[in-house]
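Results of the structural survey
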Number of protein chains: 2
Amino acid sequence: MGSTPTRERILDAALDLFGARGVDAVSLDDIASVVGVRKQSLLYWFASKAELVNAVLDRAAFELVAVMDAAIRASGPDPLDRIDSIVCAVFRPVVRRPTLLGLIREVGRLDPHHVRHLAERLAPHITDARSYLEQQMACGSLRMGDPGLIAAMVYATVTGIGTDRQLLDTVGWVPDAAGLRQLRDQLRAFLRAALAP
Amino acid sequence: MGSTPTRERILDAALDLFGARGVDAVSLDDIASVVGVRKQSLLYWFASKAELVNAVLDRAAFELVAVMDAAIRASGPDPLDRIDSIVCAVFRPVVRRPTLLGLIREVGRLDPHHVRHLAERLAPHITDARSYLEQQMACGSLRMGDPGLIAAMVYATVTGIGTDRQLLDTVGWVPDAAGLRQLRDQLRAFLRAALAP
DNA sequence: GCAGGCGCCTACCAACCGGTAGATACGTGC
DNA sequence: GCACGTATCTACCGGTTGGTAGGCGCCTGC
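This write-up is about the structure you can find in this document. Worth saying up front: this structure is predicted, and the values here are computed from it rather than measured. In every chain, residue numbers begin from 1 and rise along the written sequence. Chains and ligands are labelled by the order in which they are written, letters from A for the one and numbers from 1 for the other. Residue-level local features of this predicted model are given only where pLDDT is at least 70; pairs of side-chain atoms are given and counted only at 80 or more, and the full residue set underlies all totals for whole chains, interfaces and linings. Side-chain numbers come from the whole structure's heavy atoms, not from hydrogens or water.

Right, let's talk about the overall build of chain A for a bit. By definition, any uninterrupted DSSP run of H or I lasting at least four residues is a helix, any uninterrupted run of E lasting at least two residues is a strand, and each is numbered from the N terminus. Of regular secondary structure, chain A possesses ten helices and zero strands. Here the term buried applies to any residue with accessible area under 20% of the maximum for its type, exposed to any over 50%, and partly exposed to those in between, with areas from a 1.4 Å probe on protein chains only. Taken across its 197 residues, chain A has 47% of its residues classed as buried. Whether two residues touch is decided by their heavy atoms; if any such pair falls within 4.5 Å, the residues are in contact. By sequence separation, contacts in chain A at least 24 residues apart represent 68% of the contacts at least 6 residues apart. Counting only carbon and sulfur atoms, one obtains 56% of the accessible surface of chain A, whose full area is about 9,300 Å². Averaged over its 23 positive side-chain charges, chain A has a centre that lies 3 Å from the centre of its 23 negative ones. Accessibility throughout is a Shrake-Rupley quantity obtained with a 1.4 Å probe, and a residue counts as covered only by protein chains that appear here. The charge count treats Lys and Arg as positive and Asp and Glu as negative. His and the chain ends do not count. To locate a charge, the coordinates of NZ of Lys, CZ of Arg, CG of Asp or CD of Glu are taken.

The transform that puts chain B on chain A rotates by 180° and translates by 0.0 Å along the axis, for an RMSD of 0.1 Å. When the rotation and shift are considered jointly, the pair of chain copies conforms to a two-fold rotation axis. By residue overlap, the copies meet face to face through one surface: 100% of the interface positions of chain B are interface positions in chain A. The copies were overlaid with a least-squares fit restricted to C-alpha atoms from residues scoring a pLDDT of at least 70 in each copy.

At the interface, 47 residues of chain B touch 47 residues of chain A. Together, Arg109(B), Met153(B) and Phe190(B) form the three largest contributors to the area buried by chain B at its contact with chain A, with a combined 20%. Between Lys or Arg on one side and Asp or Glu on the other, a salt bridge is scored when a side-chain nitrogen of the former is within 4 Å of a carboxyl oxygen of the latter. Put simply, chain B and chain A have zero salt bridges between them. The term polar contact refers here to a pair of N or O atoms within 3.5 Å; inside protein, the definition further demands a hydrogen-donor-capable atom paired with an acceptor-capable atom, and it admits residues adjacent in sequence only when both atoms are side-chain atoms. Applying the counting criterion to the chain B and chain A interface returns seven residue pairs in polar contact (both at pLDDT 80 or more). Mapped by element, the contributors of at least two residues to the side of chain B that touches chain A are α1 (6-21), α6 (99-105), α7 (112-138), α8 (147-163), α9 (165-170) and α10 (177-195) of chain B. If you tally residues by element for the side of chain B that touches chain A, the top one is α8(B), at eleven residues. Buried area is calculated as the accessible area (1.4 Å probe) missing from two parts once they are joined, with the contributions of both summed.

Structurally, Ile161(A) is set in helix α8 (residues 147-163). With relative accessibility at 4%, the residue Ile161(A) sits in the buried group. Residues within four places of Ile161(A) in sequence aside, it is in contact with Leu168(A), Leu183(A), Leu187(A), Ala152(B), Met153(B) and Ala156(B).

See the structure below:
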């Protein structure tokens, strides 16, 4: 069928399904039928469902971190502008693929083993972000506060907006081009106001 | 066993389990074993799992709305103070029972039928909140912006912080008494800054 | 030209899922 | 005492789950 290797197509399909419906609600058969193979072919590439979950989680986190790193390197020195450009950079893949964040948000439900695995993967980036915020607060470029909790709240806001499409529906938002632009700009303004000194 | 009627104990246990692990990942046997009865006794009180889900969702939404309504009635006229007191009021039950918000957040994953049911239940409160925000923006008491999206972002922030305990762990937060106070105050400051004109 | 590995398959299995059928224990009114 | 409604139980069913055992075709190296 597709020229992309089976293993990659499995990871793609699993990311979408896990993110949309939750890991436990998705069976190996579901994933296999999307990919176009039999369940046993999944178990050929991944020894168990748990291993597949880990691989999907790993890739999702890697993609997100890569996008954010690129945005950081491309942005100027001002922390508000930097956060702004991170949000814009993350916004595109998240909107195009709402399941990406949905999966990561589901981590809390999974085995502690998966959680630990992902936490180790992201730990250095988190400490980096925290010390960066701390430093910018100290020199007056950001509102004072606990850098860890501030980061968590920004993350919670972006993740919630990016994943809870149902939430946006209930407040009358429509996902056309204009709506997307409006959502992105409102999100930027919200975070800018929340973080400004 | 307990003096509380079986039906209530079922709803309690189901709320905790659904919120913690997700609806699909929790079996009727899981709930029954927590309650201390057999699965068939659940099906005596609720005709099906779907009906149980609906009842749990209904009660969770009702509890939250009641808490928020009480906070609104007890607060002064200034919108920032009002939102402040809502956050404080919601904070207590959410922290004591993180599964409460977790369940509501899971709605997006459930059947459209459940979603519609809950949306109808909450619709009047949402429109109320939106028109209130609109009015306060018009008279300069709140930062200008799309009231629906602003409300959604506040909700996303609070919900994310209230449910993703894993997220708070990774930024080094500890859930003792001092940590709770700190978290609540940081959240209040964050939202106040984000909404102030 | 054939041995061997690779990718995927069919055919199963034990465990578990939500749900049904029917029996049992326990009041309560008549 | 006995019929009736309530609340719970045991026993079971069809379907689905994650996972195993083993075979089939195809390419490649020798």
